[in-house]
Amino acid sequence: MNDDITINPEKTNRGMQELQHQELFMEKTDNVQVEQQMQMRAAQGVSCPHCGSVNEPGAMFCASCGNPMGKVTCPNCGAELDPDADFCETCRHYIRKDVCSFCGAHLSGNEAFCPECGSPRGGIVCPTCHTLNDFSFCKQCGTPLTEEAHMLLDRVKELPEYKEMQKLASELQQLELALPYTSERELLQDQRNIKLRERVLTLLAQDRGISNPEIPESANKRMSKEEYDAKKKDRLEKIADILEKMAQVPQSKPAQVRNYAMACRPRGVRLAWECNFKHALHSSPCGCAKPQMGGKWVILGKNSKKEIKDDK
């Protein structure tokens, strides 16, 4: 028995149209749901402060630009820190477990000594002032503590800028020992002392058979307060100019900035490290959480009232 099957074109077209309408409706519904999910994710996520991209809640670094998203806490004291900080300025502890504080080499986290520079993970005690240090130079007295630090200091000492700066610093130290006269009476007394000195030295030379001896000028020749202040200001300004030229530019490794800055530090001048991170004053770059941003040494002066952050 044969069934008579007849295809109705009108019903077929209507069925296809209904199917297309259903597919369009489902596609719109899917798009709306996706859009709603994106909106919910955006509402729950965190916008990157650098590029504006929305990241998952709790993300430490932006998935788009790679910059840090916000703050983390110090594992020692719980203070709030930037994600790329390696030092806590609150409890003054080095906090990175995967980076050597002395040379910046990568660590797996279990080594007792750095495989690159051989420095101990627990720090080095300064042989000069007995301060425990996490870095290659003593944060207290500036003594180089590692072989690499000694080599770096030797190289820096050969720089013309450093030689000139240290010469000026030595002259400044000599000025600090001088005692300028502040009155006409002190000036007259000083002149009498000079003549007395010349007379005594002349008599001693004549006793030795020297008829016309040449008497050298005294190295401790006094000067007026005005002359003293002018010479001191001149040397301080010249040292400040050299320190400005030797300012540390941003580097990828904090250890590079700390080590080079400590090697460049002139002796005999009261200084502070001004960081580019917060433009705060530190006793040295060893007290800065992000020295990789660069910074420079600045002269404080004898009666400076500027506050050093590390001294709090």
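The preceding data block contains the structure.
Here the structure is a predicted model, which means the values were calculated and not measured. Per-chain numbering applies: the sequence of each chain, read as written, is numbered from 1 onward. Local features in this predicted model are restricted to residues whose pLDDT is 70 or higher, and side-chain atom pairs enter the listing and the counts only when it is 80 or higher, whereas totals over whole chains, interfaces and linings include all residues. By convention in this description, side-chain values take in all heavy atoms of the structure and omit both hydrogens and water.

**Notes on the overall build of the chain**
Convention followed: Strands here mean DSSP runs of E at least two residues long; helices mean DSSP runs of H or I at least four residues long; both are numbered from the N terminus. Throughout this description, buried means an accessible area under 20% of the type-specific maximum (1.4 Å probe, protein chains only), exposed means over 50%, and partly exposed covers the range between. Here a residue-residue contact requires only that any non-hydrogen atoms of the pair lie within 4.5 Å. The protein chains shown are the only cover counted for residues, whose accessible areas, like all others here, come from Shrake-Rupley with a 1.4 Å probe.
The helix and strand inventory of the chain stands at six helices and 11 strands. Of all 312 residues assigned to the chain, the portion counted as buried reaches 33%. Put simply, of all contacts in the chain between residues at least 6 apart along the chain, 44% involve residues at least 24 apart. With an accessible surface of roughly 20,700 Å², the chain has 51% of that area assigned to carbon and sulfur atoms.

**Re the packing of aromatic side chains**
As a reminder, the rule being used: Note on aromatic pairs: the rings of Phe, Tyr and Trp (six-membered ring only in Trp) are paired at centre separations within 6.5 Å, and the planes decide the class, stacked below 30 degrees, edge-to-face beyond 60, tilted for the rest.
Summed over all chains, the structure comprises three aromatic pairs. Ring geometry for Phe-87 and Phe-135: centres 6.0 Å apart, planes at 55°, overall tilted. Residue Phe-87 is found in strand β5 (residues 87-88), and its partner Phe-135 is found in the loop between β8 (132-133) and α2 (147-157); the two are separated by 48 residues along the sequence. Their ring planes at 80° and their centres at 5.7 Å tell us that Trp-273 and Trp-297 sit as a pair that is edge-to-face. Of this pair, Trp-273 sits in strand β9 (residues 271-275) while Trp-297 sits in strand β11 (residues 295-299), placing them 24 residues apart in sequence. As far as the burial class goes, Trp-273 and Trp-297 line up, both buried. Ring-pair connections join several aromatic residues into one group, and the members of that group are Phe-87, Tyr-94 and Phe-135.

**Comments concerning the sheet that holds β9**
Filter applied, for reference: Following DSSP output, two strands are said to pair if at least two bridges run between them. Comment: axis = line fitted to C-alpha atoms, over the contacting stretch for helices; angle = value between 0 and 180 degrees taken between N-to-C directions.
With respect to topology, three strands assemble into an open sheet ordered β10-β9-β11, the strand pairing being antiparallel. Sheet topology places β10 (281-282) and β11 at the edges, where each strand pairs with a single neighbour. The pairing of β9 with β10 spans two bridges and is antiparallel. Bridge assignment links Trp-273 to a residue of β10, and that residue is His-282. Across the face of the sheet, helix α5 (residues 225-245) comes into contact with β9 and β11 while running at roughly 175° to β11.

**Observations regarding unusual backbone geometry**
Unlike most non-glycine residues, Arg-92 shows phi in positive territory, near 60°. Relative to the helices and strands, Arg-92 is located in the loop between β5 and β6 (93-94). Residue His-279 is not a glycine yet carries a positive backbone phi of 55°. Topologically, His-279 is positioned in the loop between β9 and β10. A residue is classified by how much of its surface remains accessible, and His-279, at 55% relative accessible area, is exposed.

The values are spatial; any link to function lies outside them.
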